[in-house]
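Reading the structure
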Amino acid sequence: MSPYLSLRFSLRWRVVLGALVAVGLGLGAAASPLLAEAVKDSRSLPAFDALDNSDLDPISELPDLREKPAGPKRKAAFLALLVPIVEAENARISAKRDWLLTLQERETPLDEGERQRLAELCDDYRVACRGPDVDSRLLTRVATLPLEMVVIQAVEESGWGTSRFARQGNNLFGIRCFTSGCGLGQQGSGRRYQAFDSVQGAVRAYLHNLNTHRAYERLRTRRAELVRQGAVTAEALIATLDGYAVRADYRDALLSLLRTNSDLIRRHSSDDTA
């Protein structure tokens, strides 16, 4: 099993993914013992679109968490909202990665549908793929990020979901936009920040940004090294986030938040067994 699958994304979303694969293949309930293998079958392509279009996140307007007292109650409310979404988005990415690994290991040529889907993934992840084979550069991008790291960045960038950009634009990660009049303007400066239709949209954009933008190539390289070693950690990847913020102490601030909140985040994860 790929080391990426050891990251903490939701077990219940793996079950959902398996069910979607079964539907896409026309399998009935009696086929449930085959679901684990079906996820790794190249025919699991229909599950991608099913996950993209399913209503995983009904949260189009972030609740005003300022109404919760600062401390455990606000933290619990924020994590209960965010953690399942991060897990679901990581499951989406992991399904695509599994499909790519299946193609890479398979000896038979790709059919037309598989070639088309592969080209779409190359385009989406901004890789100029060459030939019909799975490009190794694509695999460094189609990969999950540790739950704790994603959540901690959301905490730092949104103040546990209380910032104006979070409340008015579902922007939990301080994601900028640069076209005239886009998103939300920052008071007292010319900076503008993206507004998202949903919290899920913000999480998806954040993950895609780290997986594709040239500023985070060091993160992706380090993650690939850690995968080969069998252990991808939030601490190791936080150390590569030089380009995310201009603050000199940004990484230290993230690591401090991680140390004090990692156990709490894990308790809100569906993989927690404590």
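A brief structural summary. Just so we're clear, the structure is a prediction, and the values are computed from it rather than from any experiment. (Residues numbered from 1 in each chain as written. Predicted model: local features only at pLDDT ≥ 70, side-chain atom pairs only at ≥ 80, totals over all residues. Heavy atoms only, no water.)

1. Re the layout of surface pockets
In this structure, the largest pocket occupies an estimated 640 Å³ of space. Together, 23 residues line the largest pocket, and Gly174, Arg176, Tyr193, Tyr244 and Ala245 are the ones closest to its centre. Considering only residue class, the lining of the largest pocket consists of 11 nonpolar, 6 polar and 6 charged. (1 Å grid on protein atoms, 1.4 Å probe; cavity = no way out; pocket = protein on both sides within 12 Å on 5 of 7 lines; lining within 4 Å. Points joined across faces, edges and corners; volume = space filled by probe spheres on them. Nonpolar A, V, L, I, M, F, W, Y, C, P; charged D, E, K, R; others polar.)

2. So, the sheet that holds strand β2 (residues 184–185)
Across the sheet, which stays open at both edges, the 3 strands sit in the order β1-β3-β2 with antiparallel pairing between neighbours. Each edge of the open sheet carries a strand with a single partner, namely β1 (176–177) and β2. In this structure, β2 lies alongside strand β3 (residues 192–193), joined through 2 bridges in antiparallel fashion. From the neighbouring strand, Gly185 faces β3, where its bridge partner is Arg192. (Pairing = 2+ DSSP bridges. Helix = DSSP H or I, 4+ residues; strand = E, 2+ residues; numbered from the N terminus.)

3. Description of the packing of helix α9 (residues 199–212) against helix α10 (residues 217–229)
Two numbers describe how α9 lies on α10: the axes approach to 7 Å, and their chain directions differ by 85 degrees. With respect to their mutual orientation, α9 and α10 come out roughly perpendicular. Residues Leu210, Asn211 and Thr212 of α9 form the contact with α10, whose own contacting residues are Leu219, Arg220 and Arg223. In terms of residue class, the contact of α9 with α10 is made up of 2 nonpolar, 2 polar and 2 charged. (Axes fitted to C-alpha atoms, helices over the stretch in contact; angles between N-to-C directions. Parallel < 35°, antiparallel > 145°, perpendicular 65-115°, else oblique. Contact = heavy atoms within 4.5 Å.)

4. A look at the state of the cysteines
Under the definition given, this model contains 2 disulfides. Through a disulfide, Cys122 is tied to Cys129; the S-S separation comes to 1.9 Å. Where Cys122 bonds to Cys129 through sulfur, the torsion about that S-S bond is close to -95 degrees, and the disulfide is left-handed. Among the residues examined, Cys122 registers a relative accessible area of 4% and is labelled buried. Between the sulfur atoms of Cys177 and its disulfide mate Cys182 the distance is 2.1 Å. Taking the sign of the S-S torsion, 100 degrees for the link of Cys177 and Cys182, the bridge is right-handed. The same class applies to Cys177 as to Cys182, namely buried. (Disulfide = S-S within 2.5 Å. Buried < 20%, exposed > 50% of the residue type's maximum accessible area, 1.4 Å probe, protein only.)

5. Remarks on the nonpolar core
The biggest cluster of nonpolar side chains holds 61 residues, and the ones touching the most others in it are Leu82, Met149 and Tyr206. For this core, the secondary structure elements donating two or more residues are α4 (72–105), α5 (112–124), α6 (136–139), α7 (147–158), α9, α10, α11 (234–238) and α12 (250–268). The element contributing the most residues to this core is α4, with 12 residues. (Core = buried A, V, L, I, M, F, W, Y, C linked by side-chain atoms within 4.5 Å.)

6. Overview of the packing of aromatic side chains
Under the counting rule described, the total for this entry stands at 6 aromatic pairs. Look at Phe173 and Tyr206: their rings are 4.1 Å apart centre to centre, the planes differ by 15 degrees, and that puts the pair in the stacked class. In this pair, Phe173 sits in the loop between α8 (164–169) and β1 while Tyr206 sits in helix α9, placing the two residues 33 residues apart along the sequence. Of the two residues, Phe173 and Tyr206, both sit in the buried class. Ring pairing ties together the aromatic residues Phe173, Tyr206, Tyr216, Tyr244 and Tyr250, which thus form one cluster. Between Arg176 and the ring centre of Tyr193, over which it is positioned, the NZ or CZ distance is 5.7 Å. (Phe/Tyr/Trp six-rings, centres within 6.5 Å; stacked < 30°, edge-to-face > 60°. Lys NZ or Arg CZ within 6 Å of the ring centre and 35° of its normal.)

7. Things to note about α12
The end-to-end C-alpha separation of α12 is 25 Å, in line with the 27 Å expected for 19 residues at 1.5 Å each. The elements touched by buried residues of α12 are α4, α7 and α11. (Expected span 1.5 Å × (residues − 1).)

8. Things to note about the pattern of salt bridges
As enumerated under the stated definition, the model contains 13 salt bridges in all. As a salt-bridge pair, Arg66 and Asp64 come within 2.9 Å of each other at their nearest N and O atoms. On the basis of relative accessibility, which here comes to 46%, the residue Arg66 falls in the partly exposed class. We classify Asp64 as partly exposed; its relative accessible area is 27%. Between Arg266 and Glu148 there is a salt bridge, with its nearest N and O atoms 3.5 Å apart. Of this pair, Arg266 sits in helix α12 while Glu148 sits in helix α7, and the two are 118 residues apart along the sequence. One network of salt bridges, in which partners are shared, links Glu89, Arg92 and Arg204. (Salt bridge = Lys/Arg side-chain N within 4 Å of Asp/Glu carboxyl O.)

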